Amino acid sequence: MANYIFKGKLRASVCKECLDVLANVQVRLYRHRDDQDVPTLVQAEPKHTFAVLTEADITAKERFLIAETSTDQNGEFTFLLNSEKNTYSGEAFEVDVAISSIPGSRPAAKPVSVQCTITSLQPEWTQFGHDMIAPYWDFIIPARYWCYLLAYFDLWVICGRFVTCEGKKPLPGATIRAFDADWIQHDALGEAVTDFNGLFRIYYTSADFRKTPLSPWINIELTGGPDLFFQAEFGGSLVINENSSAGRQPGRENVGHCFCIELCTDQVQPPDADELPHWERVEEFEVDTDFSAEGYAGINSLVMHDCIDLHGNMPLKNAANNKPLKYRFLIGAWTWPGAEDPAIIPPNAPADADLVPVKLICDSKVGYIYYSDAYGDPRSAPVIIRSSDLDGDGCVTLLGKVVKVDMHDGTTADIAITEHNFVGTYLLMTMNSHAHTPAPYDVLQNLGLAAAGTAVPVGDRAPIRRFKLRFQVYDADQAVDKATSNKTLNALVIDNSPVKYALNLTELMGDLCNKITNTVHILFTIDHPHLNFFNVTIENNGGIVHPPPPLPQGTFSGGFFFRGGESGGAGFSVNVAADPVCAYAVKLSWQTRHYHSNRGNSRHTQILYCK
């Protein structure tokens with residue numbers, strides 16, 4: 001009985017630089033009907049397969065439903081299609097999406113539900129153990145169709161970028177306001193703050209640009225869409241203040257449900273890169289590019305553990321207003337629908353409200369302070385932040401932090417960090433992951449001779465644990481309910497669980513001194529959620545006598561549920577009759593996928609016998 005595992009992510013394009021994540025939408029898989037040309041549909045472009053369905057269409061295809069599920073906060077979904085339960089055997093299927101709200105927007109003016117067919121898909125299944133795995137499917141609904149769907153919800157969106165006119169450098173932290181030019185009055189549609197790429201997004205409804213002094217009794221809009229003009233405020237100054245006549249210019253008048261724009265100014269200079277707070281790396285891995293959707297790092301699907309370095313740049317002051325800055329990290333665990341299940345990656349992303357401040361950190365050398373000692377000689381001292389340096393919200397403020405330094409005359413002095421005496425090391429914080437992973441840190445866990453050959457009970461198996469991690473920056477006097485900087489790594493796999501193992505020989509169970517003649521029966525158990533490989537060998541002083549294979553072995557090859565195995569109660573039989581008389585070692589070796597750890601090197605246990 002095979003399980004077919006199909007995972008993916010759904011997004012929608014507003015314009016080239018703006019993608020909406022389809023969070024909390026229904027994904028439905030349907031069998032094709034007899035009158036459909038399946039090979040053509042599978043090869044077709046979205047413009048030939050996209051269709052908004054009527055209630056009659058949905059009812060007519062109900063009996064062809066294979067399975068349905070919901071996307072999480074990141075637009076990701078997982079289907080576990082059981083060949084017996086779903087009578088599914090790997091064939092092509094039709095993918096529908098049912099949407100009752102537009103993710104990321106304000107509540108829609110029209111509470112409706114829309115189901116549309118987006119494509120037909122024939123996954124390329126690959127077998128991993130008993131399961132069939134499809135390649136991760138990342139689908140983006142084209143802007144043409146997404147903007148058409150927005151109309152069903154009476155939602156409109158402006159996606160823009162605010163840059164310098166010369167050089168097109170992004171201007172982060174600016175407030176952009178959008179207006180509709182009317183003959184009677186000008187309507188404020190909304191505002192947004194640009195991110196560190198200068199991007200902003202404003203959602204609004206038709207009620208926002210059909211207002212009059214008599215609203216809500218009389219709403220007037222002479223054309224179908226708004227006529228847009230903008231203001232931009234940067235560092236407390238109004239640097240763009242368009243006249244309402246801009247809304248009557250070609251391209252701005254009567255805009256549709258999606259509108260994309262680039263605004264520019266040369267009245268201000270963008271902050272230098274070292275003046276911008278940003279979080280870039282977890283250990284050596286880039287936050288934006290080096291993590292899989294599941295949360296594994298790099299091409300080898302590595303996992304983090306213990307003290308985890310979080311690298312980035314943190315200026316002491318906000319370049320826009322010259323205020324001191326503070327920063328923090330938030331973390332939240334992905335969960336399962338029910339109890340912890342080692343057979344699946346937890347599918348439910350934590351809600352923003354469930355993220356908590358990181359408050360347990362390892363000693364973190366975030367920079368150096370420079371000073372003159374008692375003899376006037378130039379010196380430097382490391383700036384270390386510890387858990388005690390975090391405030392009640394988990395925030396760190398470096399400007400003004402007092403550092404005790406050696407004056408080299410037998411005394412010390414307290415010196416406060418200023419803009420002139422501090423140099424950062426590009427380390428933001430070293431997170432102690434033990435505060436968030438329940439398993440105790442341990443290199444090994446020997447299950448004992450009696451357990452060799454038997455499977456580790458499901459309840460004793462460490463599951464895959466992944467977390468959402470978010471970086472936030474605030475002005476030091478700002479409440480933490482509003483972030484001036486916000487970068488999120490949606491999934492990060494962290495593991496502190498021990499490798500569980502056991503090794504024995506059936507022939508030695510009665511007496512460890514028994515002499516072997518013709519056959520050995522190897523009893524082994526190895527279990528960990530993030531093994532890279534394991535193998536069993538028989539060796540003597542001359543080297544390996546019986547290698548894997550034919551002896552047991554296993555290697556991680558992209559199937560995230562590879563976690564080892566066991567020989568079974570009868571043991572793995574090996575004919576050693578032709579081996580010379582000697583002392584031998586049966587060796588069980590393994591390697592985990594922990595990053596930068598001695599646990600990532602090959603480890604082993606062994607049991608000796610004589611022949």
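Source: prediction; values computed, not measured.

Undergrad: So what exactly am I meant to see when it comes to unusual backbone geometry here?
TA: Each neighbour pair has its own omega, and for Pro 549 with Pro 550 the value is 20°, a cis peptide bond. Relative to the elements of secondary structure, Pro 550 occurs in the loop between β36 (543–546) and β37 (553–555). Non-glycine residue Asp 154 carries a positive phi angle of around 50°. When you line up the elements, Asp 154 lands in the loop between α4 (143–152) and β12 (155–164).

Undergrad: How should I be thinking about the sheet that holds strand β15 (residues 199–205) in this particular structure?
TA: Paired through their backbone hydrogen bonds, the strands of a sheet run either parallel or antiparallel. Ordered by their spatial adjacency, three strands build an open sheet running β15-β12-β18, and the pairing between neighbours is mixed. At either margin of the open sheet sits one strand with a lone partner, and together these are β15 and β18 (258–265). Strand after strand, the sheet turns through a mean of 25° between neighbouring axes, direction not considered.

Undergrad: I keep staring at the confidence of the model for the protein chain and nothing clicks. Help me out?
TA: Caution is warranted with low-pLDDT regions, since their predicted coordinates should not be read in detail. The predicted model of the protein chain has a mean per-residue pLDDT of 88, with 93% of residues at 70 or higher. Taking the mean pLDDT of every element in the protein chain, the minimum, 76, falls on strand β30 (residues 444–446) and the maximum, 97, on strand β29 (residues 427–432). pLDDT under 50 marks residues 213–223. Its contacts with residues more than four places away, or in other chains, come to 20 contacts.

Undergrad: Sorry, what's going on with the pattern of salt bridges here?
TA: Opposite charge on two side chains allows them to pair when their charged atoms are near. Scanning the entire structure with this criterion turns up 26 salt bridges. A salt bridge links Asp 288 to Lys 487; the shortest N-O distance between them is 3.2 Å. With Asp 288 in the loop between β20 (285–286) and β21 (307–313) and Lys 487 in strand β32 (residues 485–493), the pair connects residues that are 199 residues apart, well separated along the chain. For Lys 323, the salt bridge is made with Asp 477, and the minimal N-O distance between the two is 3.3 Å. On the criterion of sequence distance, the pair formed by Lys 323 in the loop between β21 and β22 (325–333) and Asp 477 in the loop between β31 (466–475) and β32 is long-range, its members being 154 residues apart. Looking at Lys 323, the relative accessible area reads 34%, which means it is partly exposed. Each of Arg 33, Lys 61, Glu 94 and Asp 96 takes part in a single network of salt bridges with overlapping partners.

Scoring rules and cut-offs
- Residues numbered from 1 in each chain as written.
- Predicted model: local features only at pLDDT ≥ 70, side-chain atom pairs only at ≥ 80, totals over all residues.
- Heavy atoms only, no water.
- Helix = DSSP H or I, 4+ residues; strand = E, 2+ residues; numbered from the N terminus.
- Pairing = 2+ DSSP bridges.
- Axes fitted to C-alpha atoms, helices over the stretch in contact; angles between N-to-C directions.
- pLDDT = per-residue confidence, 0-100.
- Contact = heavy atoms within 4.5 Å.
- Salt bridge = Lys/Arg side-chain N within 4 Å of Asp/Glu carboxyl O.
- Buried < 20%, exposed > 50% of the residue type's maximum accessible area, 1.4 Å probe, protein only.

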